[in-house]
Each structure stands twice: as structure tokens, then as C-alpha cells.
Amino acid sequence: SALALSVLPLWALADGMGSLESFMKESRAGKAQFTQTVTSPGRDGQPGRTTTSSGEFQFQRPGRFSFHYTKPFEQVIVADGKTVWVYEPDLQQASKRAQGVEEANSPLAILLDPAKLDRDFVVKEAGTRDGLEWLQLTPKQAEAGFKTARLGFGKGGLAQMEYVDALGQRTRIAFTGWKRNPAFAKGTFVYVPAKGVDVIGG
């Protein structure tokens, strides 16, 4: 297993940690449908604004992932381990940047590099809620992009991820229909701009 062996004995005794260990060991790649809800912090006593989007998430170690948003509008985010592309079909526009700090400090980083869990986060059991076993992740590094994160596991694996970023924005991602270790087509995690697409960044 790619997980840090030093923490494995503890995980066998803890439901949330055991669920994470099992999911990570059995899923070196995967895809699932997702629904993402983002709530901005409220101001002047008013509640924050909430936006919801959905689509399909895919990942493959090491370092490859994609989010294909289909609602409320289409957007594609693809990372090949070195470069992150964001493509917006409606605008015929794509941006690119080096895959680095932002991804490394995301809660999703543990799916792409399980060894980061013990190295970069303080992990605690967070009990049972909504029928899921929860873990709480607190970054060890001050420059991480979020203050704290919670991962909820059900029978199908990772069911929910919740985190609060440095600006107080709350993100909740619900995953359904996990398919573990699917046979991805060649080029799944590669984006090549089509003719006529404006490319920003480099």
C-alpha cells in the first residue's frame, strides 16, 4: 500500500480511518458523479450566497484528475500531473498553469498521493453523522488552502468531502456511484485545445 505504514495499525481500530485506508488501497483510480455546493461567508448579518454545480470526477495516480462540470454550465478541469487546464466551452476559452501548490494543498490531494495524509495533515476521528463515518483533516502547513476538512465514508467509499478555505468559503462535495480502477481511455487526463480556442497562461 502507498499509505504510510506507520499509521496502518491505528487505522484498523478506527472506523473512519479504516474506511479511508480500504478506499485508498482498493482505488488507485476511480470515477464518480459529484454535486458541489459552495457557500460564501455572510456579511453584515446576512447569510452567504450558495451555488450548486454537478458533473463527473475522475482520478488516477500519480497526480491525474479531471472534473467535468455539466450543470449549471459546462466546464472541464484536467490535470496530467504537470499542468492543469480549465476549459470553458461556452466561451471557447482555456487557461493553463503549472500543477503545484494549489492542488498539493487541496483535500483531494490525498487521493492523488496517499502518503501526503500522514505527512501533511493531522487526522482525527469525527464520529458518525448522516450514516457516514467521518474523519477530520487539519493541515500542518500554514500556507494550505483550507483551514480544516472532513471526509465522510459510506459503504460505497468516499461519499462526502467538506472543507472551509482561508476566506471562510465552505465547499461540500457529495460523490455517488464510484467505479474503482476503471479502464480509462488513452488521453483521458490530457487536454489539447481545439482550433479556435483562446488559450490564457502558459
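Residues numbered from 1 in each chain as written. Predicted model: local features only at pLDDT ≥ 70, side-chain atom pairs only at ≥ 80, totals over all residues. Heavy atoms only, no water.

Draft legend 1. Local environment of the overall build of the protein chain. Helices and strands together make up the secondary structure of the protein chain, namely five helices and 12 strands. In terms of overall dimensions, the protein chain is globule-like: its C-alpha atoms have a radius of gyration of 17 Å, near the 17 Å expected for 202 residues. When its C-alpha atoms are laid out on the principal axes, the protein chain stretches across 55 × 50 × 30 Å. Burial status across the protein chain gives 44% buried among its 202 residues. Summed over all atoms, the accessible surface of the protein chain reaches about 11,000 Å², with 52% contributed by carbon and sulfur. Counting 25 positive and 21 negative side-chain charges, the protein chain places the averaged centre of each group 3 Å from the other. (Helix = DSSP H or I, 4+ residues; strand = E, 2+ residues; numbered from the N terminus. Rg over C-alpha atoms; globule rule 2.2 N^0.38 Å. Buried < 20%, exposed > 50% of the residue type's maximum accessible area, 1.4 Å probe, protein only. Areas by Shrake-Rupley, 256 points an atom, 1.4 Å probe, with all protein chains shown as cover. Lys, Arg positive; Asp, Glu negative; His and termini not counted. Charge placed at Lys NZ, Arg CZ, Asp CG, Glu CD.)

Draft legend 2. Focus on the sheet that holds strand β6 (residues 93-98). Pairing within the open sheet is mixed, and its 12 strands lie in the order β7-β8-β9-β10-β11-β1-β2-β3-β4-β5-β6-β12. The sheet is open, and its two edges are formed by β7 (121-129) and β12 (198-200), each paired on a single side. In this sheet, adjacent strand axes meet at a mean angle of 20° when their direction is disregarded. As defined by bridge partners, strand β1 (residues 29-39) adjoins strand β2 (residues 50-60) across 11 bridges and the pair is classed as antiparallel. Among the inter-strand pairings, V38 is bridged to a residue of β2, identified as T51. (Pairing = 2+ DSSP bridges. Axes fitted to C-alpha atoms, helices over the stretch in contact; angles between N-to-C directions.)

Draft legend 3. Examining the pairing of β1 more closely. Inspection of the sheet shows β1 paired to strand β11 (residues 170-180) by nine bridges, in the antiparallel sense. Opposite T35, over in β11, you have A174 as the bridge partner.

Draft legend 4. Broad picture of the nonpolar core. Counting 32 residues, the largest nonpolar core has F57, L158 and F175 as its most contacted members. Not counting residues up to four positions away in its chain, the partners in contact with L158 are F23, L111, L151, G152, F153, F175 and W178. Core analysis: the second largest hydrophobic core is formed by seven residues, W85, A94, Y191 and V197 among them. (Core = buried A, V, L, I, M, F, W, Y, C linked by side-chain atoms within 4.5 Å. Contact = heavy atoms within 4.5 Å.)

Draft legend 5. Unusual backbone geometry, seen in detail. Along the chain, R61 connects to P62 via a cis peptide bond; the corresponding omega equals 0°. Among the secondary structure elements, P62 is positioned in the loop between β2 and β3 (64-71). If you check the backbone angles, Q92 has positive phi at about 50° while not being a glycine. Residue position: Q92 is located in the loop between β5 (83-88) and β6.

Draft legend 6. Highlighting the pattern of salt bridges. Inspection of every chain in the model, using the stated rule, returns seven salt bridges. Put simply, D113 and R119 hold a salt bridge, and the shortest N to O gap is 3.7 Å. Classification of R119 as partly exposed rests on a relative accessible area of 45%. Overlapping salt bridges bring together D113, K116, R119 and D120 as one network. (Salt bridge = Lys/Arg side-chain N within 4 Å of Asp/Glu carboxyl O.)

Draft legend 7. Just the packing of aromatic side chains, in detail. Scanning the model with the defined rule gives 17 aromatic pairs in all. With a centroid separation of 5.3 Å and 85° between ring planes, the pair formed by F34 and F67 is classed as edge-to-face. Of the two residues, F34 is situated in strand β1 and F67 in strand β3; the sequence distance between them amounts to 33 residues. A single burial state applies to F34 and to F67, both of which are buried. (Phe/Tyr/Trp six-rings, centres within 6.5 Å; stacked < 30°, edge-to-face > 60°.)

Draft legend 8. Expanded view of the layout of surface pockets. Empty space within the largest pocket amounts to approximately 640 Å³. Lining the largest pocket are 28 residues, with E102, E103, S106, L108 and Y163 positioned closest to its centre. Elements represented by at least two residues in the lining of the largest pocket include exactly β1, β3, β4 (75-80), β5, α3 (101-104), α4 (109-112), β10 (157-165) and β11. For the lining of the largest pocket, a count of residues per class yields 16 nonpolar, seven polar and five charged. As a volume, the second largest pocket reaches approximately 200 Å³. Around the second largest pocket sit Q36, V38, T51, T52, S53, Y69, P72, F73, Q75 and E88, which together line it. Contributions of two or more residues to the lining of the second largest pocket are made by β1 and β2. With three residues, the top contributor of residues to the lining of the second largest pocket is β2. (1 Å grid on protein atoms, 1.4 Å probe; cavity = no way out; pocket = protein on both sides within 12 Å on 5 of 7 lines; lining within 4 Å. Points joined across faces, edges and corners; volume = space filled by probe spheres on them. Nonpolar A, V, L, I, M, F, W, Y, C, P; charged D, E, K, R; others polar.)

By themselves, these figures tell us nothing about what the structure is for.
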